[in-house]
Amino acid sequence: MAALSDARRIVVKIGSALLVDRQSGELRADWLGSLAQDVAVLRGRGADVILVSSGSIALGRGALGLPARELTLEQSQAAAAVGQIRLAGAYDAALARHGLRAAQVLVTLDDSTDRRRYLNTRATFETLLRYGAVPIVNENDTIATDEIRYGDNDRMAAQIAVTAGADRLILLSDVDGFYSANPAQDPGARRFDVIEAITPEIEAMAGDAGSGLSKGGMKTKLMAAKAAMAAGCDMAIALGAPLNPIAALENGAPATWFRAQGTPQQKRKAWIAAMKPRGRVHVDAGAVRAIEGGGSLLPAGVTAVEGLFGRGDAVEIATPEGRTLGLGLTRYTAADADAIRGLRSGAIEPVLGYPARSALIHRDDMAF
Ligand SMILES: Nc1ncnc2c1ncn2[C@@H]1O[C@H](COP(=O)(O)OP(=O)(O)O)[C@@H](O)[C@H]1O
Ligand SMILES: N[C@@H](CCC(=O)OP(=O)(O)O)C(=O)O
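As recorded by an unreviewed UniProt entry, the chain carries the name Glutamate 5-kinase and is attributed to Roseovarius spongiae. The heading Pathway (unreviewed entry) in the UniProt record of the chain holds the text "Amino-acid biosynthesis; L-proline biosynthesis; L-glutamate 5-semialdehyde from L-glutamate: step 1/2." Database annotation for the chain, UniProt heading Function (unreviewed entry): "Catalyzes the transfer of a phosphate group to glutamate to form L-glutamate 5-phosphate."

Below is the structure:
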């Protein structure tokens, strides 16, 4: 299956067991070098790449000389703080060899569940990718205690894929796909090539993690697949351990693909269209033309603001004739939108007292 050749934005999740040698606790530099090579190939043909990498706790554990047994929460948090800086540094060096710039992004679950923070995170990814950077994402494990106890980077990678509007998510694992039972325990287990829907039967086949360094197992990978598919993003589980794992996947190495219906853009529009509007912004004829031509709504085109809405809420866009053009997620509160209506971008900062976002509603955040 030519599953990556037409991908526009790819999120790759790298588990701890791939990056960190279990015995020595050292980073597998050769492997990371080969992954960076794969990333350079994808970037070279114009695809955006985001890496979600685990490994901070595994790396920090060795560096701090912590015991091999299960860590306490405090030890995990300390290990993550020490390990993350090494992890990010290693990616920075590996990508720099291919002329690529790494960008560290540390997130918590709130960054995707709170709509305002979700929009901020999305905007940050958009900007980093526009400048050609490769975001290296991990949970902020040192701060987010719940994430260490319950968190796993499989679901987080799916959330990043959804947030960034990716069309492919690849979970590089220690297994080459999803099997009818845990292949480590059942020699008769069979691998699926493609899964189109996650049924209760499929869910019953998923077991827990195999290695001591990992947190997820197949259960969290199925949750990741559900989230990705619902957002129009195809997801693969593929073998990560060989060198150049993404090239191998492209060259036909076995994997399981979870296939989504629809595109990220269609799913996002449907998500916005289903929201309850919290207000209404009236726009002038010029703004109607701009929006109908595929542009964003700028404050300059707004003539009146109704309702009490916050940043990230859905609002209706009304034409001078009173027709509802569509729905969009606003980047300003009702009060700020009212204060800057009719103003050109340069005139906004003195009024609000903070640097302005140029659009009131970005074109990607509109549904008609
Ligand atoms: N149905 C299944 N198909 C494949 N692997 C399974 C299944 N159920 C449980 N597993 C286990 O899940 C492991 C992969 O997840 P995990 O250990 O979290 O690794 P990672 O997070 O590094 O990908 C496999 O090595 C296997 O032991
Ligand atoms: N955020 C944690 C890893 C959490 C996790 O899901 O680990 P893994 O199962 O190896 O992908 C860390 O960097 O150590």
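(A) Structural view of the overall build of the chain. Looking only at helices and strands, the chain features 15 helices and 13 strands. The C-alpha atoms of the chain give a radius of gyration of 22 Å, which matches the 21 Å a tight globule of 368 residues would have. When the backbone C-alpha atoms are referred to their principal axes, the chain occupies close to 70 × 40 × 35 Å. The buried share of the chain, taken over its 368 residues, is 42%. Taking contacts inside the chain between residues at least 6 apart in sequence as the whole, the part at least 24 apart equals 72%.

(B) Main features of the sheet that holds strand β3 (residues 102-107). Pairing is mixed across the open sheet formed by eight strands, whose spatial order is β3-β4-β2-β1-β5-β7-β8-β6. Edge strands, defined here as strands with exactly one partner in the open sheet, are β3 and β6 (194-195). Bridge count for strand β2 (residues 48-53) against strand β4 (residues 134-139) is two bridges, and the pairing is parallel. In the strand pairing of β4, V52 is matched with V137.

(C) The arrangement of the nonpolar core in detail. Judged by nonpolar contacts, the single largest core of 71 residues is most densely connected at V11, A161, L169 and A228. Among residues more than four places away in sequence, those in contact with A161 are V11, A166, L169, A228 and C233.

(D) Local environment of the domain arrangement of the chain. We note that the domain assignment places domain 1 (9-263) and domain 2 (275-367) within the chain. Centre-to-centre, using C-alpha coordinates, domain 1 lies 36 Å away from domain 2.

(E) Fine view of the UniProt feature "binding site: ATP" (unreviewed entry) in the chain. The feature "binding site: ATP" (unreviewed entry), as annotated in UniProt, sits at K13, S173 and D174 in this numbering. A maximum C-alpha distance of 11.9 Å among these annotated residues, which run over 162 residues, shows that they cluster at one spot. With respect to the secondary-structure elements, K13 resides in strand β1 (residues 9-14). Among residues more than four places away in sequence, those in contact with K13 are V52, N153, D154, A157, I170, L171 and L172. Inspection of the secondary structure assignment puts S173 in strand β5 (residues 168-173). Ignoring sequence-local partners within four residues, the contact set of S173 consists of G15, I237, L239 and G240.

(F) Highlighting the pairing of strand β11 (residues 314-318). Where strand β9 (residues 279-283) meets β11, three bridges bridge the pair, whose relative direction is parallel. The partner of H282 across the bridge, within β11, is A318. As defined by bridge partners, β11 adjoins strand β12 (residues 324-329) across five bridges and the pair is classed as antiparallel. Bridging from a neighbouring strand, I317 pairs with G326 of β12. Turn length for the β11-β12 hairpin, with the two strands adjacent in sequence and antiparallel, is five residues, and the turn residue G322 shows positive phi of about 90°.

Rules and cut-offs
Residues numbered from 1 in each chain as written. Chains lettered and ligands numbered in written order. Predicted model: local features only at pLDDT ≥ 70, side-chain atom pairs only at ≥ 80, totals over all residues. UniProt positions renumbered as here; feature names shortened; annotations may be inferred. Helix = DSSP H or I, 4+ residues; strand = E, 2+ residues; numbered from the N terminus. Rg over C-alpha atoms; globule rule 2.2 N^0.38 Å. Buried ≥ 20, exposed ≤ 12 C-beta atoms within 10 Å, placed from the backbone. Contact = placed C-beta atoms within 7 Å. Pairing = 2+ DSSP bridges. Core = buried A, V, L, I, M, F, W, Y, C linked by C-beta atoms within 7 Å. Domains from an automatic or database assignment.

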